[in-house]
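# Descriptive analysis of the structure
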Amino acid sequence: MRVFVTGATGFVGSAVVQDLLAAGHQVVGLARSEEGATALKAAGAEVHRGDLDDPEGLRGPAAASDGVIHLAYRHDLLTGGDLTTAGAVDLRAIESLAAALEGSGKPFVYASGTALIQGFGRPVTEEDDPTEGTHRTPAENAVTALAGHGIRASVVRLPPTVHDRGDHGFIASVIGFARAAGVSAHIGDGANRWPAVHRLDAAPLFRLALESAPAGSRLHAIGEEGVPFRDIAAVIGRRLGLPVTGLSGDEAAAHFGWLTAFAGLDVPASSARTQQQLGWRPVHPGLLADLEEGHYFTT
């Protein structure tokens, strides 16, 4: 298949591109910069220069493809606290990509998140709808609705942390906050749980979804259902030689900044149905084992 991949040079996207190429697919990757274009060419992919701020520019490469994997997201807006704009930019990109695929029967795979689903008091499953009012809920709902427009659309929900060497996401941020404050922190007693997946386990699930997921599917890229945040903080504290403490209220907000709302989430999630449906199995190290390897603490 000839696959158009947005976010192809990102932390997750670069692994997805490598997996697609290894499986014999052709890849056209979206690149915002010359540096990204060079990396894609070196990996063996073709390049389309553009970005999410020009959603109309995504139509051509999408229409010329046999399928689309949409991974790009304005994470700079997310970390800046402008979740509303980040969600709106994403939704416009989805609408443009979908317009290019409508009626074709081609696959469209969208990266969403399990943290959208809250308040169940149990591991959320693929059958659970996203919680209304979150910044990515309209986008996920728009993608699943594409099944009614002749597109084999599916959603792959990622956990709050996709970990591996080179991670610059939530876990790297938690470590950065600990370094800056001189203490490794969790919120309250830290019993809240984050599901997790290794990047090299997540990548093949996007390919499997592209190849065979039924229209309207929601899939979970979950390697571990829920790692207590206090256990994450404990490893970080030990590796950095810092005390570990629980914070609340203004202290927690001052420590975690833009990440505060995420750091306190208790959002365990299951991938049992995904594993049964597509034969996907996570096999790489879990989050705490990955932290213990030390690469998160070398910079």
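Refer to the preceding data block for the structure.
Summarised in this report is the structure supplied together with it. (Residues numbered from 1 in each chain as written. Predicted model: local features only at pLDDT ≥ 70, side-chain atom pairs only at ≥ 80, totals over all residues. Heavy atoms only, no water.)

A few words on the sheet that holds strand 7 (residues 161-163). Sheets are built from strands that pair by backbone hydrogen bonding, the pairs being arranged parallel or antiparallel. Taken in spatial order, the three strands line up as 7-9-11 in an open sheet, and their pairing is mixed. Each edge of the open sheet is held by one strand with a lone partner, namely strand 7 and strand 11 (224-228). Taking each pair of neighbouring strands and ignoring which way they run, the sheet shows an average axis angle of 45 degrees. As paired strands, strand 9 (residues 193-198) and strand 11 are joined by three bridges and run antiparallel to one another. Across the sheet, residue R193 finds its bridge partner in strand 11, namely P228. (Pairing = 2+ DSSP bridges. Helix = DSSP H or I, 4+ residues; strand = E, 2+ residues; numbered from the N terminus. Axes fitted to C-alpha atoms, helices over the stretch in contact; angles between N-to-C directions.)

The residue H70 is located in strand 4 (residues 67-70) in this model. At 2.6 Å, the side chain of H70 and the side chain of T6 are in polar contact. Contacts of H70, omitting those with residues within four sequence positions, involve T6, L52, D90, A93, I94, L97, F108, V109, Y110 and A111. (Polar contact = N/O pair within 3.5 Å; in protein donor to acceptor, adjacent residues only side chain to side chain. Contact = heavy atoms within 4.5 Å.)

Right, let's get into the pattern of salt bridges. Opposite charge on two side chains permits them to pair, given that their charged atoms come into close proximity. Under the criterion given, the structure shown has 16 salt bridges. Here E56 and R59 are joined by a salt bridge, their closest N and O atoms 3.2 Å apart. Looking at R59, the relative accessible area reads 35%, which means it is partly exposed. Bridged by salt links that share partners, the residues D129, E140, R157 and R218 form one connected network. (Salt bridge = Lys/Arg side-chain N within 4 Å of Asp/Glu carboxyl O. Buried < 20%, exposed > 50% of the residue type's maximum accessible area, 1.4 Å probe, protein only.)

Once that is clear, we can look at the packing of aromatic side chains. Taken as a whole, this structure holds seven aromatic pairs when the rule is applied. With a centroid separation of 5.7 Å and 55 degrees between ring planes, the pair formed by F170 and W258 is classed as tilted. With F170 in helix 7 (residues 170-181) and W258 in the loop between helix 10 (249-256) and helix 11 (260-263), this pair connects stretches of sequence that are 88 residues apart. The buried category is assigned to F170, whose relative accessible area is 14%. For W258, a relative accessible area of 27% translates into the label partly exposed. Between F177 and F256 the ring centres are 6.4 Å apart and the planes differ by 85 degrees, which places this aromatic pair in the edge-to-face class. Here F177, found in helix 7, pairs with F256, found in helix 10; they are 79 residues apart in sequence, far enough to count as distant. (Phe/Tyr/Trp six-rings, centres within 6.5 Å; stacked < 30°, edge-to-face > 60°.)

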